[in-house]
Amino acid sequence: MKRLRALLCGAATAALATAGLTALATDQAAGATADTSALGNRWYAAAPYLMPQDNNPPDAGAIMDATGLKAFQLAFVLAPNGGGCTPTWDGTSPVSSDTAVASVISAIRAKGGDVSASIGGYGGTKLGQACPDAASTAAAYQQVVTKYQLKAIDFDLEEPEYENTAAIAHEIGAAKILQQNNPGLYVSVTTAGTADGTGWFGKQMLNEAKTQGFTPNNFSIMPFDGGFNGAAAQTSALTNFNTILQSTFGWNADTAYAHEGFSGMNGRSDTGEYFSQADFQTVLDYATGHHMDRFTFWSLNRDRQCTPVDNNGQTSGTCSSVAQSSWDFAKYSVKFAGATPPTTPPTTAPPTTTPPTTTPPSGSCSAAAWSSAAVYTAGNTVSYGGHTWKAKWWTQNETPGTTGEWGAWQDLGAC
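This one's a predicted model, so the numbers in the text were calculated from it and none came from an experiment. (Residues numbered from 1 in each chain as written. Predicted model: local features only at pLDDT ≥ 70, side-chain atom pairs only at ≥ 80, totals over all residues. Heavy atoms only, no water.)

On to the packing of aromatic side chains, then. Going through the model one piece at a time under the given rule, you end up with 19 aromatic pairs. Aromatic pair phenylalanine 76 and tryptophan 298: ring centres 5.4 Å apart, planes at 15°, arrangement stacked. Of this pair, phenylalanine 76 sits in strand β2 (residues 71-78) while tryptophan 298 sits in strand β12 (residues 294-298), placing them 222 residues apart in sequence. The same class applies to phenylalanine 76 as to tryptophan 298, namely buried. Plain terms: the ring middles of phenylalanine 280 and tyrosine 332 are 6.0 Å apart, the flat faces sit at 55° to each other, and that makes the pair tilted. Pair noted here: phenylalanine 280 is in helix α12 (residues 277-289) and tyrosine 332 is in helix α13 (residues 330-337), with a separation of 52 residues, a long-range link. Exposure class is identical for phenylalanine 280 and tyrosine 332. Each is buried. An aromatic cluster is defined as three or more aromatic residues linked by ring pairs; in this entry it consists of Phe262, Phe280, Phe295, Phe297, Phe329, Tyr332 and Phe336. In this arrangement the basic side chain of arginine 42 is found over the ring face of phenylalanine 336, its NZ or CZ atom lying 3.7 Å from the centre. (Phe/Tyr/Trp six-rings, centres within 6.5 Å; stacked < 30°, edge-to-face > 60°. Helix = DSSP H or I, 4+ residues; strand = E, 2+ residues; numbered from the N terminus. Buried < 20%, exposed > 50% of the residue type's maximum accessible area, 1.4 Å probe, protein only. Lys NZ or Arg CZ within 6 Å of the ring centre and 35° of its normal.)

As structure tokens, this is what we get:
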């Protein structure tokens, strides 16, 4: 991803300061490899990017408490800066000896969440460039999947790697091998977005996937840093990308949308575009309305307000350059996942409750009764408690009227 990555590639990874903290991280790393229950794929599809070792990483647990977010896309797995076909974080921290990122993962899982790992990004040396073939590339990524017991992985294929046809063949081949060797692994492929969907190199990547017979859960584009002006330009690019997916794979529009994703940038982009909360809501409505598979953004490190707000016209890796409350943009990922954040951050753990599986009498309502087991999308109507309710976005097992302004249901009034 092109979000200041060229500057970040040379950034030093913060070391654990004391032997005691190192020992604690080691203990927590052991917890990261313990058996964990996977979240539903919808959460992995909604996971925003988080750099756990650079860009003033925020506390993942605090974000979970404030928003209801459950999944994080950890970035980035790269080849070593000094060369070689082994996985590292940011080119500097070998995965084989990592305890710091494992500690972050353990803390997230302890609160009921989970992570995906993103490989690649903008700049740096990718494993597809460094490894001699798809099999060795896959073996390097398998080390990451195995160490952290991952249920999801993201292939972020962009500059400069996606201009290298051999490297892209290695990456797509590796993704296919991982998918085959890890049943149920959620795989996303992310690449650059353009006004017509994606550019020449993005289309070549899709053709490589077709040639190899590889179909991930989704192909996502990043419609920013390319002359985009708000949500209208982004949704237009998503429509055009859908057409590209149809023509490449022979899918109809619905099938293409079911394999399509959006990866945005919150606030000010590298090229000076601005994407506000309203833009995110518009794209979210488009994504849920077209039953797209993924909605994510770069990044949680930036999901807080700068001081001054506009950051003197500069793009930052640690704040958004737009007026916001902390974690405003994360809440759109939560909505996409079908959950809703609390209106205020909890000060204590909320009690565990079991939603009703049946509804109270709904009088003479004409809409079908709400069901805790059903999946609803934007515009669906149900009856519950004598009122008619309309779904604002994708939702499941969320009782109408129980979560205030952040709820998935709009009350249309008594029947």
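Once that is clear, we can look at α12. Over its 13 residues, α12 extends 18 Å from the first C-alpha to the last, a length consistent with the 18 Å expected when each residue adds 1.5 Å. Residues Gln277, Asp279, Phe280, Val283, Leu284, Tyr286, Ala287 and Thr288 constitute the buried set of α12. At the N-terminal end of α12, a side-chain oxygen is found 3.3 Å from the backbone nitrogen of alanine 278, two or three residues along, and the residue is serine 276. (Expected span 1.5 Å × (residues − 1). Polar contact = N/O pair within 3.5 Å; in protein donor to acceptor, adjacent residues only side chain to side chain.)

So, about the nonpolar core. In this structure, Phe72, Tyr148, Phe155, Phe219 and Phe295 are the most contacted members of the largest nonpolar core, which totals 93 residues. With 7 residues, the single largest contributor to this core is helix α10 (residues 231-249). Ignoring sequence-local partners within four residues, the contact set of phenylalanine 72 consists of Ala47, Pro48, Leu50, Ala60, Met64, Ile108, Asp114, Val115, Ser116 and Leu300. By size, the runner-up hydrophobic cluster in this structure holds 8 residues, among which are Trp370, Ala391, Ala408 and Trp409. (Core = buried A, V, L, I, M, F, W, Y, C linked by side-chain atoms within 4.5 Å. Contact = heavy atoms within 4.5 Å.)

Across the protein, the average pLDDT comes to 86, with 82% of residues at 70 or higher. Taken as a whole, residues 5-36 scores under 50 in pLDDT and shows 47 contacts with residues more than four places along the chain or in a different chain. (pLDDT = per-residue confidence, 0-100.)

Our focus in this paragraph is the environment of alanine 75. Structurally, alanine 75 can be placed in strand β2. Spatially, the C-alpha atom of alanine 75 lies 5.1 Å from that of methionine 51, the residues being 24 residues apart in sequence. For alanine 75, the contacting residues outside a window of four places in its chain are Tyr49, Leu50, Met51, Pro52, Trp89, Asp90, Ser118 and Trp298.

This part takes up the pairing of strand β7 (residues 186-192). Most of β7 is tucked away, with 6 of its 7 residues classed as buried. Crossover β7 to strand β8 (residues 218-222) through helix α9 (residues 200-212) is right-handed. (Right-handed = clockwise from strand over helix to strand, strands pointing away.)

Below, the discussion takes up the environment of valine 322. Turning to its location among the elements, valine 322 is positioned in the loop between β12 and α13. A C-alpha to C-alpha distance of 5.8 Å links valine 322 and valine 309, two positions 13 residues apart in sequence. Ignoring sequence-local partners within four residues, the contact set of valine 322 consists of Gly267, Tyr274, Gln305, Val309 and Phe329.

With that out of the way, let us pick up the state of the cysteines. Evaluation of the coordinates by the stated rule reveals 3 disulfides. Across a sulfur-sulfur distance of 2.1 Å, cysteine 306 and cysteine 319 are joined as a disulfide pair. Between cysteine 306 and cysteine 319, the S-S dihedral sits near 100°, and the bridge is therefore right-handed. You can see cysteine 306 sitting in the loop between β12 and α13 and its partner cysteine 319 sitting in the loop between β12 and α13, a full 13 residues away along the chain. (Disulfide = S-S within 2.5 Å.)

With that out of the way, let us pick up the packing of helix α4 (residues 60-67) against α13. Packing of α4 against α13 brings their axes to within 10 Å, and their N-to-C directions diverge by 65°. Read as a crossing pair, α4 and α13 show a hand that is right-handed. Each of Ile63, Ala66 and Thr67 in α4 lies in contact with α13, whose residues at this interface are Ala330, Lys331 and Val334. Grouping the amino acids of the contact of α4 with α13 by side-chain chemistry returns 4 nonpolar, 1 polar and 1 charged. (Axes fitted to C-alpha atoms, helices over the stretch in contact; angles between N-to-C directions. Left-handed = near helix turned anticlockwise from the far one by under 90°. Nonpolar A, V, L, I, M, F, W, Y, C, P; charged D, E, K, R; others polar.)

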